[in-house]
Amino acid sequence: MITEFLKEKYINSKCQIIVIGHDGRITETDNYLFETNKGTQISNLHPFFETINHLLPDKNKEHVFHCVNLEINGVKGNYNIVFFSGSDALNPYLIFYDFTENCDYLQTIVQRRNDSIIALETQLLKEKQHISEKKFKNKFLANISHDLKTPLGAVLGFLEILDKTPLNNEQKDLINTIRKSGNHIKSLIDDLLDLSKIEAGELKINYNTFSVYDLINHIQKIYTPILASKNLLFNPVIQQNIPPFLVCDKTRILQIFINLLDNAFKFTNEGSVSLNITSKTINENSVEFNFSITDTGIGFPDAKQNSINSFTKFHQTDIEGSGLGLSIVTKLVENMNGKMQILSGVKQGTCVQVSIPMQTANGIVENPSINQKIPLTETCLQILIADDNEVNITLIKKMLKEYPNLTIETAKNGVEVLEIVKQKYFDLILMDIEMPEMNGFEASRKIKTHPNPTISNIPIIAITANAAEIEKYTLAGISGYVSKPFLKQDLLIAIEKIFVENLRKMNI
Amino acid sequence: MLSLKKIVLVGHFGVGKSSLIRRFVKNSFSDDYLVTVGVHIVKKTVQINNDEITLIIWDIEGKEDMQKLRPSFLLGTSGFIYVFDATRESTYINLSDEINYIETHYPKINLLTVANKIDLIEKNTFIKIAENNKLKIDYFSSAKTGENVELIFNDLAKNLIK
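Residues numbered from 1 in each chain as written. Chains lettered and ligands numbered in written order. Predicted model: local features only at pLDDT ≥ 70, side-chain atom pairs only at ≥ 80, totals over all residues. Heavy atoms only, no water.

Draft legend 1. Main features of the overall build of chain A. Scanning chain A from terminus to terminus reveals 14 helices and 17 strands. By the burial criterion, 44% of the 508 residues in chain A qualify as buried. In chain A, of all internal contacts separated by at least 6 residues, the share reaching a separation of at least 24 is 64%. Of the roughly 27,400 Å² of accessible surface on chain A, 54% is carried by carbon and sulfur atoms. (Helix = DSSP H or I, 4+ residues; strand = E, 2+ residues; numbered from the N terminus. Buried < 20%, exposed > 50% of the residue type's maximum accessible area, 1.4 Å probe, protein only. Contact = heavy atoms within 4.5 Å. Areas by Shrake-Rupley, 256 points an atom, 1.4 Å probe, with all protein chains shown as cover.)

Draft legend 2. Looking closely at the interface of chain A and chain B. In this complex, chain A contributes 28 residues to the contact, which on the side of chain B involves 26 residues. Interface area for chain A against chain B, summed over the two sides, is near 2,300 Å², with a carbon-plus-sulfur share of 63%. At the boundary of chain A and chain B, one finds three salt bridges. One salt bridge in this structure joins Glu89 of chain B and Lys128 of chain A, with 3.4 Å as the shortest N-O distance. The tally of links from chain A across to chain B stands at 13 residue pairs in polar contact (both at pLDDT 80 or more). At the level of elements, α2 (47-50), β3 (62-72) and α3 (100-163) of chain A are the ones that each hand at least two residues to the side of chain A that touches chain B. Counting residues per element, the side of chain A that touches chain B draws most heavily on α3 of chain A, which supplies 13 residues. The residue inventory of the side of chain A that touches chain B, partitioned by class, reads 13 nonpolar, 10 polar and five charged. Sheet topology note: the β3 of chain A/strand β2 (residues 39-48) of chain B ladder contains two bridges and is parallel. Bridge assignment links Asn69 of chain A to a residue of β2 of chain B, and that residue is His40 of chain B. (Buried area = accessible area lost by both parts, 1.4 Å probe. Salt bridge = Lys/Arg side-chain N within 4 Å of Asp/Glu carboxyl O. Polar contact = N/O pair within 3.5 Å; in protein donor to acceptor, adjacent residues only side chain to side chain. Nonpolar A, V, L, I, M, F, W, Y, C, P; charged D, E, K, R; others polar. Pairing = 2+ DSSP bridges.)

Draft legend 3. Region of interest: the sheet that holds strand β15 (residues 428-432) of chain A. All names here are of chain A. The five strands are arranged β14-β13-β15-β16-β17 in an open sheet whose pairing can be described as parallel. At either margin of the open sheet sits one strand with a lone partner, and together these are β14 (406-411) and β17 (480-483). The sheet shows a mean angle of 20 degrees between the axes of neighbouring strands, direction not considered. One ladder, built from four bridges, connects β15 with strand β16 (residues 460-464); its direction is parallel. In the sheet register, Met431 faces β16, and the bridge partner there is Ala462. Contacts from helix α11 (residues 440-448) reach β15 and β16, with the element oriented near 150 degrees to β15. (Axes fitted to C-alpha atoms, helices over the stretch in contact; angles between N-to-C directions.)

Draft legend 4. Summary view of the side chain of Ser85 of chain A. Residues and elements named next belong to chain A. The residue Ser85 is located in the loop between β4 (75-84) and β5 (93-98) in this model. A polar contact of 3.3 Å, which involves the side chain of Ser85, links it to the backbone nitrogen of Asn60. If we ignore the near neighbours within four places in the chain, the residues touching Ser85 are His22, Leu55, Leu56, Asp58, Lys59, Asn60, Lys61 and Pro92.

Draft legend 5. Region of the structure containing the confidence of the model for chain A. Residue and element names in this part refer to chain A. Confidence in the prediction for chain A averages 83 pLDDT; 89% of positions are at 70 or higher. Predicted confidence is poor over residues 310-318, with pLDDT under 50, and the contacts of this stretch with residues over four places away or in other chains come to 20 contacts. In the model, residues 363-374 has pLDDT below 50 throughout and makes 19 contacts with residues more than four positions away in sequence or in other chains. (pLDDT = per-residue confidence, 0-100.)

Draft legend 6. Summary view of helix α2 (residues 95-105) of chain B. All names here are of chain B. Taken as a whole, α2 has its buried residues at Leu95, Glu98, Ile99 and Ile102. Buried residues of α2, seen end-on, are gathered within an arc of 95 degrees and therefore sit on one face of the element. Exposed residues pointing more than 90 degrees away from the buried face of α2 are listed as Asp97 and Thr104. Residues of α2 that are buried make contact with β1 (2-10), β4 (79-85) and β5 (110-116). (Arc of directions from axis to C-beta.)

Draft legend 7. Main features of the nonpolar core. Judged by nonpolar contacts, the single largest core of 49 residues is most densely connected at Phe48, Phe49 and Phe96 of chain A together with Trp58 and Phe126 of chain B. Every residue in contact with Phe48 of chain A, bar those within four places of it in the chain, is listed here: Phe65, Val68, Leu70 and Ile81 of chain A together with Ile41 and Trp58 of chain B. (Core = buried A, V, L, I, M, F, W, Y, C linked by side-chain atoms within 4.5 Å.)

Laid out in structure tokens, this is it:
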């Protein structure tokens, strides 16, 4: 008796049997799970049964359908269904096992699993998209920079040549204005590239030894003309016991000073700009290099101050004319593990405080810069200019015109360069990087790996608008570079540097 | 002429199979994702020229591998719609293999491939991805906006009565 009771409680209540005729009508049903009536066409109960009708003619076949969600006469359930197609002795039948509880439980587990997988995949996709957008942006900036710098180089270069011709005062003023605007565009392009490099994590801090005093002298020289024109006082004060030589990226440190001082001078029309440099010993070999730049300028309100203190990459402050300089400074200071704070108030001036940890040089001073120079006027040199842009070739030729000892030839692309160097000896190649057919990078690589040492030893100076790829050029054996837009002086320095290096190698 | 055809939507979990069916049958959509366990079956009758076709649509639980599908679910199937999520690479990375499997094991069954959730990705970006991955795609769809949903089922129905 107990087995009957248990069967009734645990098996029968979870199971229903429906017997059907070969015409698909119900002939028997126990209605344990849902109500059905004899004579009802099974296919009218649910669309599921419409798709098993075609199995009826195939006798003696059993099919099992797992986890079928059905709603029959208002009863919802999840069933494992056994379908027997009938035989000569038996009518077709369906057995329904109720797995609703199990399926509900399973659904909770699967839902959780799938949700977490989808969330992870969505996150990965976002990261992938972010990386690809960043790559696109950086490439776009590099291309734009190249496209802008090339014609800008021609404008500034020819302006320099024009400035050497007889001009009246008004014309000289106009040239100065054009030059200032051109230089402003150049610095904006450089800022954009710097920010893009910082964001891409490509900006490297090159640690080298620098003299704090040299740095300040240099800064004073830069701002002397502004001081004269604006009638401002500039008071750099260096704490007496500051280590004279520190180790950091002197180029980037100078960039920080210039960006901050540019803003201070820009927004100060009367009074002074002061610079205070101090240091605090961290340990025997390192100090905290602190400086503050305080101006008596227009200042700005708290809201702007907060936005500046929390600004992010590419965020330009809403202080008109402040450019991208502050963004760059913040990122540079961050990259050097330093801190920066801005204090300001409307008509109360601004004070920027920067603190960067630095190693002391302990008396080790970097080799002084090359002071051995070869005046170009005394050396006969064969120079090959490779550039597809006629304007650039003309510009370089004009820049070097006053040196009759220089023999100049030209090539329009890398293929031509390779042909010409096989036929003639050259002391130097000025190689544009972006050229059709074969670019300057590829041509340089081929020259540097040429079996003939007369060819492979030719120094190459890259003329490039994309200074971000300098490491790549170095790997290709390129000895130096001039970044577009460039002035005559930049070109001459690069050429002289190459020859001094060569002489040094030869111990001359 | 009235005919009845069973079609089965297959593909990974979370690609929007249930949502496509819901959009097609009830013209509604929900952003909430509810896992399908086992199979849900619905039907809708469509008119193709002078013919009425009742589509019995089997919405089966998502599987990463066609070989793992319960064979009983596919009994008597006339058409497959293979759905993947255009925003999730894992749902289409093996698309060619899956399609090959279907074409080999069910050579007489009509098959359409659908890139769903196209509203969540820039279309040209996805077209580039599809080209790079050599994806054979018949339709782009969005259950959310309804883009191409009706068209997919109607076109499959047309193919089934050819």
